[in-house]
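# Summary of the model geometry
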Amino acid sequence: MEKKSETKNIHSGHRKRVKANVCKNGFSQMEDHKLLELILFYSIPQADTNELAHIILSEFGSFDEMLKADVDRLMRIKGVGENTAVLLASMSEAFRRAIKVKASNKLKYTSSDEYSELAVSYLSGEAVEKVFIFCLDSSGKLKKVTQLSEGTENSSEVDMRKAVQAVMDCNASKAFLAHNHPVGKAEPSPTDIDTTRTVSILFRKIGVFLVDHIIVGENNCAYSMYSDLSYRGLFY
C-alpha cells in the first residue's frame, strides 16, 4: 500500500508541475508529446501518460493525423481506453466545429480562395469522401449548405436530384461543389470532371450558376477547378 501511495504522489506532483508550467508559459512552448501527455491527464486519472502519448503519436505520425481518427480507430491502440478515445475524438469534432463557424461567419464569398476556405472548414479531417453543395445568393452571401453524399476513402457518388433540390429550396443564384480526397491529392478524377459538367448543365436549366468545384486533399490542401484553365469551360 505504501509503494502504491508513493507512486500516486509522484504522478500527482508531476502533473501539478506540468499544469503550473502551462499556466506560467502557455502551450506553445510544449513539444507535441508533452501536450498530448497533458491532455491524457483528463482521461487517465492516476497513471504516467507520457509513454502512451509517445505511442499514440508514433502510431499516427502527427497531431493532425491523430485528430482524423474516430473512436474505434483510437481504441485499437494498446493502452487507449474508451475515455481516452472519446476525449481525443471529441477534441477533433470541437476543432472542426470551431473552424466551420469562423468560416461561415464571413458576410460574402466571391472568390475561389474564399470558397476553398469554406470547403476546408467542412471537410477537414474527414476520413471518408463527402460531397457538399454551398448555395449562395447573387451577392455571394451563404444561404445554405447541404451534404449530398458520403462514400468511402476513395469515392462518393453525387445525388443529382438532391443537388437541384438544395439550390431550389433556398432560391440560390449560384453555388459551388466541394468534396474531399482523404487519401489522395487535391486533383480532379475523371469522375469529378464528369460530375462537375453534369451539375453545371443541370443548374443552368434552372437558372443557377455553378461557380466552382473545390477539392480538398490531404493536409487540407484545396484545389479550385474553376481556377484551372483546363476546366474553366465546365462552368457556365
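For the structure itself, consult the block above.
Residues numbered from 1 in each chain as written. Predicted model: local features only at pLDDT ≥ 70, side-chain atom pairs only at ≥ 80, totals over all residues. Heavy atoms only, no water.

### Brief notes about the overall build of the protein
Note the cut-off: Only DSSP runs of H or I covering at least 4 residues are called helices, and only runs of E covering at least 2 are called strands; the numbering of each starts at the N terminus. Exposure categories follow from relative accessible area, calculated using a 1.4 Å probe and restricted to protein chains: below 20% of the type maximum is buried, above 50% is exposed, and the middle band is partly exposed. Here, two residues are considered to be in contact whenever any of their heavy atoms come within 4.5 Å of each other. Computed with a 1.4 Å probe, the accessible areas rest on the Shrake-Rupley method; for each residue, only the protein chains presented here act as cover.
Counting its regular elements, the protein contains nine helices and five strands. Starting at the N terminus, the α and β elements of the protein follow one another as α-α-α-α-α-α-α-β-β-α-β-α-β-β. Residues counted as buried form 43% of the 236 residues belonging to the protein. In the protein, 58% of the contacts between residues at least 6 apart in sequence involve partners at least 24 apart. As displayed, the protein offers around 13200 Å² of accessible surface, 51% of which is attributable to carbon and sulfur atoms.

### Things to note about the packing of helix H8 (residues 160-169) against helix H9 (residues 190-205)
The description of two packed helices rests on the angle between their axes and on the distance between the axes. In plain terms, the rule: Only C-alpha atoms enter the line fits that serve as axes; for helices the fit covers just the stretch in contact. Angles between N-to-C directions range over 0 to 180 degrees. For classification, angles of less than 35 degrees are called roughly parallel, those exceeding 145 degrees roughly antiparallel, those between 65 and 115 degrees roughly perpendicular, and all remaining angles oblique. The crossing is said to be left-handed when, going from far helix to near helix, the turn is anticlockwise and less than a right angle, and right-handed when the turn is clockwise.
Contact geometry for H8 and H9: axes closest at 11 Å, N-to-C directions at 45 degrees. If you check the angle between H8 and H9, you find them oblique. Crossing hand, H8 versus H9: right-handed. Residues Met-160, Ala-163, Val-164 and Val-167 of H8 lie in contact with H9, whose contacting residues are Thr-195, Thr-198, Val-199, Leu-202 and Phe-203.

### Some points on the packing of aromatic side chains
Here the distance between the centres and the angle between the planes together describe a pair of aromatic rings. As a reminder, the rule being used: Side-chain rings of Phe, Tyr and Trp, where Trp is taken by its six-membered ring, are said to pair if the distance between their centres is within 6.5 Å; with planes under 30 degrees apart they count as stacked, over 60 as edge-to-face, and otherwise as tilted.
This structure, assessed with the given rule, holds six aromatic pairs. Judged by centre distance (4.6 Å) and plane angle (25 degrees), the ring pair of Tyr-115 and Phe-176 falls under stacked. Taken as a pair, Tyr-115 in helix H7 (residues 112-123) and Phe-176 in strand S3 (residues 174-180) lie far apart in primary sequence, 61 residues in all. For the pair shown, Tyr-115 and Phe-176 are each scored as buried.

### A look at the layout of surface pockets
Using the following cut-off: The pocket and cavity definitions rest on a 1 Å grid over protein atoms only: a 1.4 Å probe that fits but cannot leave marks a cavity, an open set with protein on both sides within 12 Å along at least five of seven lines marks a pocket, and residues lining either have an atom within 4 Å of a point. Grid points are joined across faces, edges and corners, and a volume is the space filled by probe spheres set on the points. Each residue receives one of three labels: charged for Asp, Glu, Lys and Arg, nonpolar for Ala, Val, Leu, Ile, Met, Phe, Trp, Tyr, Cys and Pro, and polar for the others, Gly being one of them.
In this structure, the largest pocket spans a volume of roughly 570 Å³. Lys-68, Ala-69, Gly-125, Glu-126 and Ala-127 are, among the 30 residues lining the largest pocket, the residues nearest its centre. Elements with a contribution of two residues or more to the lining of the largest pocket: helix H3 (50-60) and helix H6 (82-104). It is H6 that contributes the most residues to the lining of the largest pocket, four residues altogether. Residues that form the lining of the largest pocket fall into these classes: ten nonpolar, eight polar and twelve charged.

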